[in-house]
Each structure stands twice: as structure tokens, then as C-alpha cells.
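Summary of structural features
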Amino acid sequence: VEEATVKEISETMAEALSFALNTPADYFTFEHVKTDFYFGGEAVKGAPMIEVLWFERSQEAQDLTAQMLHEALLSKGYEETSIIFHKLLSESYYDNGQHY
């Protein structure tokens with residue numbers, strides 16, 4: 001995903017996810033990681049891969065989040081997306097050096 005696309009999506013996606021998941025909008029951040037794809041020794045265009053790090057939520061919330069992210073990228077011309085959810089464990093999470 002192009003950096004400009006991530007920036008643009010972040011303008012509205014945090015509010016949309018906030019409403020859908022009943023979570024403050026400032027709990028959401030979006031990171032752009034530059035990735036290069038290669039096949040057969042040549043650079044190729046890869047499909048977007050989105051990684052979501054969050055505390056466990058219901059399957060319905062996960063499905064809704066995946067659909068919202070997919071639709072946001074679809075609206076920007078990305079037809080295929082892969083979305084992976086990584087569940088954070090509260091006992092392994094620290095905020096400003098303090099256990100969450």
C-alpha cells in the first residue's frame with residue numbers, strides 16, 4: 001500500500017473503527033512499512049498485507065474490522081488484501097513502562 005493511501009485512510013478509518021468497536025479513536029494508529037516483493041528474480045507488485053495488533057475481541061468485531069479495512073483499500077483500487085490479526089496479551093503489554 002502506498003504511503004499516501006495509508007495516510008488518507010487514517011483520516012477517517014480511526015473514527016469509523018472507534019464507532020464500530022466502541023473504542024476511543026486515539027487508540028488506533030496506522031503504520032506504513034515499506035515492503036518490496038520479488039518473484040523469479042524480478043520486482044513485482046504484491047497484494048496489501050494488513051496486520052492488526054489488538055486485545056482479543058469477538059469474532060464479529062474481528063470480521064467487521066477486516067471488512068472495513070478491506071473496503072477502505074478496495075475504494076483506493078486494491079482488489080486483494082490479506083488481513084492478519086495478532087492478539088495481544090494484557091500480561092505482556094506495557095504502556096510507558098507500566099504493565100497494562
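For the structure itself, consult the block above.
What this report covers is the structure whose coordinates are included nearby.

Conventions adopted
- Within any chain, residue numbers begin from 1 and follow the written order of that chain's sequence.
- In keeping with the predicted nature of the model, local features appear solely for residues at pLDDT of at least 70, side-chain atom pairs appear and are counted solely at 80 or more, and the whole-chain, interface and lining totals rest on all residues.
- Side-chain calculation: all heavy atoms of the structure are included, whereas hydrogens and water are not.
- Each cavity reported here is a set of points on a 1 Å grid over the protein atoms alone in which a 1.4 Å probe fits but cannot get out, each pocket an open set with protein on both sides within 12 Å along at least five of seven lines, and each lining residue one with an atom within 4 Å of a point.
- Grid points are joined across faces, edges and corners, and a volume is the space filled by probe spheres set on the points.
- Helix and strand assignments come from DSSP, with helices taken as H or I runs of at least 4 residues and strands as E runs of at least 2, each series counted from the N terminus.
- Polar here means any residue other than Ala, Val, Leu, Ile, Met, Phe, Trp, Tyr, Cys and Pro, which are nonpolar, and Asp, Glu, Lys and Arg, which are charged; Gly is therefore polar.
- A pair of strands counts as paired when DSSP detects no fewer than two bridges linking them.
- Looking down the strands as they point away from you, a crossover is right-handed if its path from the first strand over the helix to the second goes clockwise.
- One less than the residue count of a helix, multiplied by 1.5 Å, gives the span that helix is expected to have.
- Bending is quantified residue by residue as the angle between axes fitted to the seven-residue window ending at that residue and the seven-residue window starting at it.
- Summary of the burial criterion: residues with accessible area below 20% of their type's maximum are buried, those above 50% are exposed, and those between are partly exposed, where the area comes from a 1.4 Å probe applied to protein chains only.
- A fitted line through C-alpha atoms represents every axis, and for helices the fit uses only the stretch in contact; the resulting angles, taken between N-to-C directions, go from 0 to 180 degrees.
- For classification purposes, angles smaller than 35 degrees are called roughly parallel, those larger than 145 roughly antiparallel, those between 65 and 115 roughly perpendicular, and all remaining angles oblique.
- By convention the crossing between two helices is left-handed if the near helix lies anticlockwise of the far one by an angle smaller than a right angle, and right-handed if it lies clockwise.
- In this description, contact between two residues means that some pair of their heavy atoms is separated by no more than 4.5 Å.

**Thoughts on the layout of surface pockets**
Put simply, the largest pocket is a space of about 1,500 Å³. What lines the largest pocket is a set of 39 residues, among which Thr29, Phe30, Glu31, Ile50 and Glu51 lie closest to the centre. It is strand β3 (residues 49-55) that contributes the most residues to the lining of the largest pocket, seven residues altogether. Classifying every residue of the lining of the largest pocket by side-chain character gives 25 nonpolar, seven polar and seven charged.

**What to know about the pairing of strand β4 (residues 82-88)**
Look at any regular strand and the pattern is simple: side chains alternate between the two faces of the sheet. In terms of strand pairing, β3 meets β4 through seven bridges, oriented parallel. Bridged to Val52 within β4 is Phe85. Crossover connection from β3 via helix α2 (residues 59-74) to parallel β4: handedness right-handed.

**A short note on helix α1 (residues 3-21)**
Spanning 19 residues, α1 covers 25 Å between terminal C-alpha atoms, matching the ideal 27 Å at 1.5 Å per step. At Ser10, α1 shows its maximal bend, which comes to roughly 40 degrees. Those residues of α1 lying buried are Thr5, Val6, Ile9, Met13, Ala14, Leu17, Ser18 and Leu21. Asn22, located one to two residues past α1, shows a positive phi value of around 55 degrees.

**Quick word on the packing of α1 against α2**
At a minimum axis separation of 11 Å, α1 and α2 run at an interaxial angle of 150 degrees. Taken as axis vectors, α1 and α2 run roughly antiparallel relative to one another. Taken as a pair, α1 and α2 cross one another with a handedness that is right-handed. Note on element contacts: α2 touches α1 through Ala61, Leu64, Thr65, Met68, Leu69, Ala72 and Leu73, opposite Thr5, Ile9, Met13, Ala16, Leu17, Ala20 and Leu21. Tallied by class, the residues present in the contact of α1 with α2 amount to 12 nonpolar, two polar and no charged.

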